[in-house]
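Structural overview for review
The primary structure of each chain is shown beneath.
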Amino acid sequence: MHQRQRLILFFGVLAVIVALDQGTKALVRTFVGPPQIFAGGLFTLLHTENTGAFLSLGANLPPWAKALIFGVFVAVLLVMFTIAVVRGSIEKRGETIAAAAIIGGGFGNLMDRMARGGRVTDFLYLQAGPLHTGIFNVADMAITFGVIWLLLTMRTKPSS
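Here is a short report on the structure shown in this document. Position labels on residues start from 1 in each chain and follow its written sequence. Confidence filtering applies because this is a predicted model: local features only for residues at pLDDT of at least 70, side-chain atom pairs given and counted only at 80 or more, and all residues used for totals across whole chains, interfaces and linings. Computation of side-chain values: all heavy atoms of the structure, hydrogens and water removed.

Things to note about the pattern of salt bridges
Basic side-chain nitrogens of Lys or Arg form a salt bridge, by our definition, when they fall within 4 Å of a carboxyl oxygen of Asp or Glu. Going through the model one piece at a time under the given rule, you end up with 5 salt bridges. Here K25 makes a salt bridge to D21, at a shortest N to O gap of 2.8 Å. With a gap of 4 residues between them, K25 and D21 both fall in helix α1 (residues 3–31), about one helical turn apart. The same class applies to K25 and to D21, which are both buried. Across the pair D112 and K25 runs a salt bridge, and its minimum N-O distance is 3.3 Å. Of the two residues, D112 sits in helix α3 (residues 93–115) while K25 sits in helix α1, which places them 87 residues apart along the sequence. What emerges from the salt-bridge pattern is a single network uniting D21, K25, R29 and D112. Under the DSSP-based scheme used, a helix requires at least four consecutive residues in state H or I and a strand at least two consecutive residues in state E, with every element numbered from the N terminus. Using a 1.4 Å probe on the protein chains alone, a residue whose accessible area is under 20% of its type maximum counts as buried, one over 50% counts as exposed, and one in between counts as partly exposed.

Concerning the packing of aromatic side chains
Each Phe, Tyr or Trp ring, with Trp reduced to its six-membered ring, pairs with another whose centre is within 6.5 Å; inter-plane angles below 30 degrees give stacked pairs, above 60 give edge-to-face pairs, and intermediate values give tilted ones. Applying the stated rule across the entire model yields 3 aromatic pairs. Seen from their ring centres, F38 and F43 are 5.6 Å apart, and the 40° between their planes marks the pair as tilted. Given a relative accessible area of 37%, F38 falls into the partly exposed group. With relative accessibility at 27%, the residue F43 sits in the partly exposed group. With 6.1 Å between their ring centres and 35° between their planes, F145 and W149 make a pair best called tilted. Of this pair, F145 and W149 are both found in helix α4 (residues 138–156), 4 residues apart, which corresponds to roughly one turn of the helix.

Describing the sheet that holds strand β1 (residues 36–38)
In sheet architecture, strand pairing relies on hydrogen bonds along the backbone and comes in two forms, parallel and antiparallel. Strand pairing is assigned whenever DSSP identifies at least 2 bridges connecting the two strands. The strand order across the open sheet formed by 4 strands is β1-β2-β3-β4, and the pairing between neighbours is antiparallel. Both edges of this open sheet fall to β1 and β4 (131–132), since each of them pairs with a single strand only. Summarising the sheet, strand β3 (residues 120–128) and β4 pair through 2 bridges and their orientation is antiparallel. Within β4, the residue paired with Q127 across the bridge is H132. Contacts are assigned to residue pairs with any non-hydrogen atoms lying within 4.5 Å of each other. Orientation is described by axes fitted as lines to C-alpha atoms, over the contacting stretch for helices, and by angles from 0 to 180 degrees between their N-to-C directions. Taken strand by strand, α1 contacts β2 (43–50) and β3, and its axis lies near 90° from that of β3.

Focus on the nonpolar core
Note on terminology: a nonpolar core comprises buried Ala, Val, Leu, Ile, Met, Phe, Trp, Tyr and Cys residues joined through side-chain atoms within 4.5 Å. One finds F10, L14, I17, V85, A99, A100 and I103 to be the most contacted residues of the largest nonpolar core, which totals 14 residues. Looking at this core, the elements that each hand over two or more residues are α1, α2 (63–87) and α3. Excluding residues within four positions of it along the chain, A100 makes contact with F10, V13, L14 and I17. Formed by 7 residues, the second largest nonpolar core is a distinct cluster that contains V28, V32, F136 and V138.

So this is what it looks like as structure tokens:
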């Protein structure tokens, strides 16, 4: 894939993910009240504000530590990862999409933290019998997809 096409794909996917993430969060903050259960309890829509990371990890850290880790550190990682993609360290179409998903999701949650006093809007919960998720959002789904994709493709690459 040519550099220009790869960058258009990367920034296009990134923009779509950020727009979907921020749009769904705005809808949830405006319209979702008490939890709404669908499909016999498989899917629950609810509005929560998470001050931690994935699955509320770090929610009990002091405010300065959360700002440092979830703000500064994440921002630096997102910038470094974006620079790596732009410079061509990631060349394949699938890996470009995965990188855009990770960066778009990370940026979506970072935008929330910056605009909402360190909180991220979460709203989706899945449960199938004893299996269940934490409460998550579109950004979390994008990050998870991207990480799984990159892990699978790195695992299948032939070693030198």
